[in-house]
Amino acid sequence: MTEEMKKIMVTGSVGQIGSELTMLLRKKYGNDNVIATGHRTQPKPELKDSGPFEFINVAKKETIEEVVKKYDIDTVYHMSAILSAVGEKNPHLCWDVNMNGTKNLMDIAIEYEMGQIFIPSSIAAFGPETPIDNTPQETVLKPRTMYGVTKVAGELLCDYYVRRFGLDVRGCRYPGIISNETLPGGGTTDYAVAIYYEAVKNKKYTCFVREDTRLPMMYMPDCLKATIDLMEADFSKLKHYSDFNVTAMSFSAGELADSIKKHIPEFGCTFEPDFRQEIADSWPNSIDDTAAREEWGWEPDYDLEAMTKDMLDALSKRHAEGNLGI
Ligand code: AKB
């Protein structure tokens, strides 16, 4: 398929990853060829004014189908999901959106003979019995959150659809994603984003996990690169499809605060763990992404130091313009 022929739909385009992914895809494939979709939340003007936008509910198949038919969609990036923390508050909604959304999209992809579909998984697929350091690609998947349950079931469903129906569906296990355009909503790793905003605005932050909580993380430019590189990989050469471990760095919440202090010496961080601590404790410290490196050439660009500099530069500039967005 040539790039000009693609008609792409992005679900969750108002969210943290979807909003930046949509703008990047529009640059790459043309504004009118990338249909942004969302559920209820109004899109920012940049997203709404740069190309088509439609409201859907991924748990209701007919609402997806309408958009697929209207725009003759052949590629989907399925970024809408209920994340770990909100998922624990509302597990039934989490199952409905994450599982039915995923299955609806794959069924529609088969019915309308789509070319490709991207369905992300997460480090939430792992659980407390999973080896915690350098977690292997193939390992114990017994998560304790509903979000994690939907991610494991989603991975298995994707692999089933590849083998049973020949669907081209791919995805990776995103670690915590850090970005400065759109705030994340309802995840456990959200502290790693909020800390930068609060450091710039108030010079202090109360972190909702312990100082020694270490998790795999990635800066948004690397997340977008991983997503697009995996979609551009030769499907026939992949040995995995929807469950690639990908990571860029691992740091503790204390090390994250220290990296900010190097730039803002007066920054003060305190640690007051809440219910999200237990979720964070059930996830790995670091993960092994050799399969992604070998099968489709994955390689991150940003480490903690480079990310902190870039985050603080971007947010300080916005703060000076009165446009921090919190
Ligand atoms: C969350 O914290 O729930 C997400 C994730 C790691 O998938 N950011």
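Predicted model only: the values in this text are computed from it and were never measured. (Residues numbered from 1 in each chain as written. Predicted model: local features only at pLDDT ≥ 70, side-chain atom pairs only at ≥ 80, totals over all residues. Heavy atoms only, no water.)

A.B. asks: Got a minute to help me understand the state of the cysteines in this structure?
C.D. replies: As used here, a disulfide is simply a covalent bond connecting the sulfur atoms of two cysteines. Using the criterion set out here, one finds zero disulfides in the structure. Note on Cys-223: no disulfide assigned, nearest cysteine sulfur contributed by Cys-172 at a separation of 7.1 Å. (Disulfide = S-S within 2.5 Å.)

A.B. asks: I tried to follow the pattern of salt bridges on my own but got confused; where do I start?
C.D. replies: Pairing between side chains becomes possible if they bear opposite charge and their charged atoms approach one another. Evaluated as defined, the whole model comprises 19 salt bridges. A salt bridge links Lys-261 to Asp-258; the shortest N-O distance between them is 3.9 Å. Residue Lys-261 and its partner Asp-258 are both found in helix 9 (residues 253-261); the two are separated by three residues, about one turn of the helix. With relative accessibility at 33%, the residue Lys-261 sits in the partly exposed group. In this structure, the salt-bridge partner of Asp-313 is Lys-309, at a minimum N-O distance of 2.7 Å. In this pair, Asp-313 and Lys-309 both sit in helix 12 (residues 304-320), four residues apart, roughly one turn of the helix. Judged by relative accessible area, Asp-313 falls into the partly exposed class, the value being 42%. Salt bridges sharing partners connect three or more residues here, namely Glu-129, Lys-142 and Arg-144. (Salt bridge = Lys/Arg side-chain N within 4 Å of Asp/Glu carboxyl O. Helix = DSSP H or I, 4+ residues; strand = E, 2+ residues; numbered from the N terminus. Buried < 20%, exposed > 50% of the residue type's maximum accessible area, 1.4 Å probe, protein only.)

A.B. asks: I would appreciate a short explanation of the sheet that holds strand 1 (residues 8-11) in the present structure.
C.D. replies: Pairing in this open sheet of six strands is parallel, and the strands run 3-2-1-4-5-7 from one edge to the other. At either margin of the open sheet sits one strand with a lone partner, and together these are strand 3 (53-55) and strand 7 (169-170). Strands strand 4 (75-78), strand 5 (116-118) and strand 7 of the sheet are contacted by helix 8 (residues 220-232), whose axis makes an angle of about 155° with strand 5. (Pairing = 2+ DSSP bridges. Contact = heavy atoms within 4.5 Å. Axes fitted to C-alpha atoms, helices over the stretch in contact; angles between N-to-C directions.)

A.B. asks: Please explain the domain arrangement of the protein as it appears in this structure.
C.D. replies: Accessible area lost upon the coming together of the parts serves often as the stated size of an interface. Along its sequence, the protein is carved into domain 1 (3-176 + 218-245) and domain 2 (179-216 + 250-283 + 302-320). Each partner contributes residues to the interface: domain 1 has 25 residues there, and domain 2 has 22 residues. Summing both sides of the interface, domain 1 and domain 2 together bury roughly 2,000 Å²; the carbon and sulfur share of this comes to 62%. Our count for the domain 1 to domain 2 interface comes out at zero salt bridges. Our count for the contact surface shared by domain 1 and domain 2 stands at 10 residue pairs in polar contact (both at pLDDT 80 or more). When contributions to the side of domain 1 that touches domain 2 are tallied by element, the ones reaching two or more residues are helix 1 (16-29), helix 4 (84-89) and helix 8. With five residues, the top contributor of residues to the side of domain 1 that touches domain 2 is helix 4. When its residues are assigned to classes, the side of domain 1 that touches domain 2 shows 13 nonpolar, seven polar and five charged. (Domains from an automatic or database assignment. Buried area = accessible area lost by both parts, 1.4 Å probe. Polar contact = N/O pair within 3.5 Å; in protein donor to acceptor, adjacent residues only side chain to side chain. Nonpolar A, V, L, I, M, F, W, Y, C, P; charged D, E, K, R; others polar.)

A.B. asks: So what exactly am I meant to see when it comes to the packing of aromatic side chains here?
C.D. replies: Any aromatic ring pair is given by two values, namely how distant the centres are and how the planes are angled relative to each other. Applying the stated criterion to the full structure yields 11 aromatic pairs. Of note, Arg-276 hangs over the ring of Phe-208, and the distance from its end group to the ring centre comes to 3.4 Å. (Phe/Tyr/Trp six-rings, centres within 6.5 Å; stacked < 30°, edge-to-face > 60°. Lys NZ or Arg CZ within 6 Å of the ring centre and 35° of its normal.)

A.B. asks: Looking at this model, I keep getting lost on the sheet that holds strand 12 (residues 244-245). Mind explaining?
C.D. replies: Paired through backbone hydrogen bonds, the strands of a sheet run either parallel or antiparallel to each other. Taken in spatial order, the three strands make up an open sheet running 6-8-12, and their pairing is parallel. The open sheet has two edge strands, strand 6 (121-122) and strand 12, and neither has a second partner. The pairing of strand 8 (residues 172-174) with strand 12 spans two bridges and is classified as parallel. Of the residues in strand 12, the one forming a bridge with Arg-173 is Asn-245.

A.B. asks: Help me understand the site of the ligand, please; the structure alone is not making it clear to me.
C.D. replies: Around the ligand, the neighbouring residues are Leu-83, Ser-84, Ser-122, Ile-123, Tyr-147, Gly-187, Thr-188, Thr-189 and Trp-283. Ser-122 places a polar side-chain atom, nitrogen or oxygen, 2.7 Å from an oxygen atom of the ligand. For the ligand, the accessible surface in isolation is 250 Å², of which the surrounding protein chains cover 93%. A breakdown of the residues in the shell around the ligand according to their chemical character gives four nonpolar, five polar and no charged. Each of domain 1 (3-176 + 218-245) and domain 2 (179-216 + 250-283 + 302-320) accounts for three or more of the residues forming the shell around the ligand. (Near = heavy atom within 4 Å. Areas by Shrake-Rupley, 256 points an atom, 1.4 Å probe, with all protein chains shown as cover.)

A.B. asks: Explain helix 12 here, please?
C.D. replies: Each turn of an α-helix holds 3.6 residues, which means side chains three or four residues apart point in the same direction. The end-to-end C-alpha separation of helix 12 is 24 Å, in line with the 24 Å expected for 17 residues at 1.5 Å each. Taken as a whole, helix 12 has its buried residues at Leu-304, Met-307, Thr-308, Met-311, Leu-312, Leu-315 and Arg-318. All buried residues of helix 12 project into a common sector of 135° when viewed along the axis, lining one side. Opposite the buried face of helix 12, at more than 90 degrees from it, the exposed residues are Glu-305, Lys-317 and Ala-320. Those residues of helix 12 that are buried lie in contact with strand 9 (176-178), helix 7 (191-202), strand 11 (214-219), strand 13 (249-252) and helix 9. With its phi angle positive at about 70°, Gly-322 sits one or two positions after the end of helix 12. (Expected span 1.5 Å × (residues − 1). Arc of directions from axis to C-beta.)

A.B. asks: Looking at this structure, how should I read the nonpolar core?
C.D. replies: The tendency in soluble globular proteins is for nonpolar side chains to be buried as a group. Counting 98 residues, the largest nonpolar core has Ile-178, Tyr-191, Tyr-196 and Trp-296 as the members making the most contacts within it. Ignoring anything within four residues of it in the chain, the contact list for Tyr-191 reads Tyr-205, Cys-207, Phe-208, Val-209, Thr-213, Leu-215, Met-217, Ala-253 and Leu-256. (Core = buried A, V, L, I, M, F, W, Y, C linked by side-chain atoms within 4.5 Å.)

A.B. asks: What is the right way to read the environment of Ala-253 from this model?
C.D. replies: With respect to the helices, strands and loops of the structure, Ala-253 is situated in helix 9. In the structure, Ala-253 is positioned 184 residues away from Lys-69 in sequence and 46 Å away in space, judged by C-alpha atoms. Sequence-distant contacts of Ala-253, defined by excluding residues within four places in its chain, comprise Tyr-191, Cys-207, Val-209, Arg-210, Glu-211, Thr-213 and Phe-271.

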